[in-house]
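Chain residues, written in single-letter form:
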Amino acid sequence: MKIKKILALMVTGTMLMTMGGCNAITIDGEENVREGSSGNVIGFSVSTLNNPFFVTLTEGAKKAASEKNVELVVVDAGDDAAKQTSDIEDLVSRNVGVLIVNPVDSDAVAPAVKSAMSQGIKVIAVDRGVNGVDVDCQIASDNVAGARMATEYLMELVGEGAKVAELQGVPGASATIDRGEGFHQVADKSLQVAVSQTANFNRAEGMTVMENILQSDGAIKGVFAHNDEMALGAVEAVAASGKDIKIVGFDATDDAQKAVKDGKMAATVAQKPDKMGETAIETAVKIMAGETVDKSIPVEVELIK
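Just so we're clear, the structure is a prediction, and the values are computed from it rather than from any experiment.

Trainee: Which parts of the structure should I look at to understand the packing of helix α7 (residues 203-216) against helix α8 (residues 228-241)?
Mentor: When two helices pack together, their arrangement is captured by the angle between the axes and the distance separating the axes. Direction vectors running N to C along α7 and α8 enclose 45°, while the axes themselves pass 7 Å from each other. It follows that α7 is oblique to α8 by the angle criterion. Considering only the axes of α7 and α8, their crossing is right-handed. For the pair α7 and α8, contact is made by Arg203, Gly206, Met207, Met210, Glu211 and Leu214 and by Glu229, Met230, Leu232, Gly233, Ala234, Glu236, Ala237, Val238 and Ser241, respectively. A breakdown of the residues in the contact of α7 with α8 according to their chemical character gives 8 nonpolar, 3 polar and 4 charged.

Trainee: Just to check I follow, could you spell out the packing of aromatic side chains for this structure?
Mentor: Pairs of aromatic rings are described using the distance from one ring centre to the other and the angle between the two planes. Counting across every chain of the model gives 2 aromatic pairs. Consider the rings of Phe53 and Phe54, whose centres lie 5.1 Å apart with planes at 90°: the pair is edge-to-face. By relative accessible area, which is 4% here, Phe54 ends up buried. On the numbers, 5.5 Å between centres and 10° between planes, the contact of Phe183 with Phe224 is stacked. Of this pair, Phe183 sits in helix α6 (residues 174-190) while Phe224 sits in strand β10 (residues 222-225), placing them 41 residues apart in sequence.

Calculation rules
Residues numbered from 1 in each chain as written. Predicted model: local features only at pLDDT ≥ 70, side-chain atom pairs only at ≥ 80, totals over all residues. Heavy atoms only, no water. Axes fitted to C-alpha atoms, helices over the stretch in contact; angles between N-to-C directions. Helix = DSSP H or I, 4+ residues; strand = E, 2+ residues; numbered from the N terminus. Parallel < 35°, antiparallel > 145°, perpendicular 65-115°, else oblique. Left-handed = near helix turned anticlockwise from the far one by under 90°. Contact = heavy atoms within 4.5 Å. Nonpolar A, V, L, I, M, F, W, Y, C, P; charged D, E, K, R; others polar. Phe/Tyr/Trp six-rings, centres within 6.5 Å; stacked < 30°, edge-to-face > 60°. Buried < 20%, exposed > 50% of the residue type's maximum accessible area, 1.4 Å probe, protein only.

Here it is, written out as structure tokens:
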């Protein structure tokens, strides 16, 4: 009799677990898709959720997924290219229908993305591209144009020939490459680039790198940072030095827009991450429905000053 009761409890527990698996759950900060999803789930590998820009990007995707009534699984790579590869492999093993990827490193992620596509999974790259891979759709701002716009404005503020510094993003990321290209298209002709150094899209590193730059060269008049987090770190370093240095960032995060309004930053480039996330989900839904989508979907940029 006792054995029958134990078996009944085990069966009931199994049924509850199966029923509970009908929705996404969160394990260690990652939303985990149920097994056997039959390709009806959208997987989203984001570079990091330790950056307001990508938090907004992810929130835009989640909101759109809720409105479209589709299941979305978000995994955070934590700016670790090796972890992102593992995350993508895990999503593929769980049979997601569409993979949205926001690369930590546009080169490092390529093998995992190629493998996913070889297994019939459609791939959308958002904000950053996947180098050497012809993904099904790429959704991004024109980072080259945005950086060029930012640098032209910086030149207006500091004057032609002035010494400037460049704070670069994560090496290998397509945003780093493209924003650097846009910056140098203007700066190499019209400004004196004293130093270009990575701060990995990180605010704390931006402050440290800027402090070191100021110690080695006190004649810096302007800074172009590849994102707002580094720009805001540079703002702290410059404020402590008491110097008048014009700083332009990229992303138009809430903190950066406030810094511009308060006169602490000269400008930032807005590229609407919430719109990117929303567009990525809308595109994924179309792909799963068998519709044809554009290979490239641009999101406009604008200078906030």
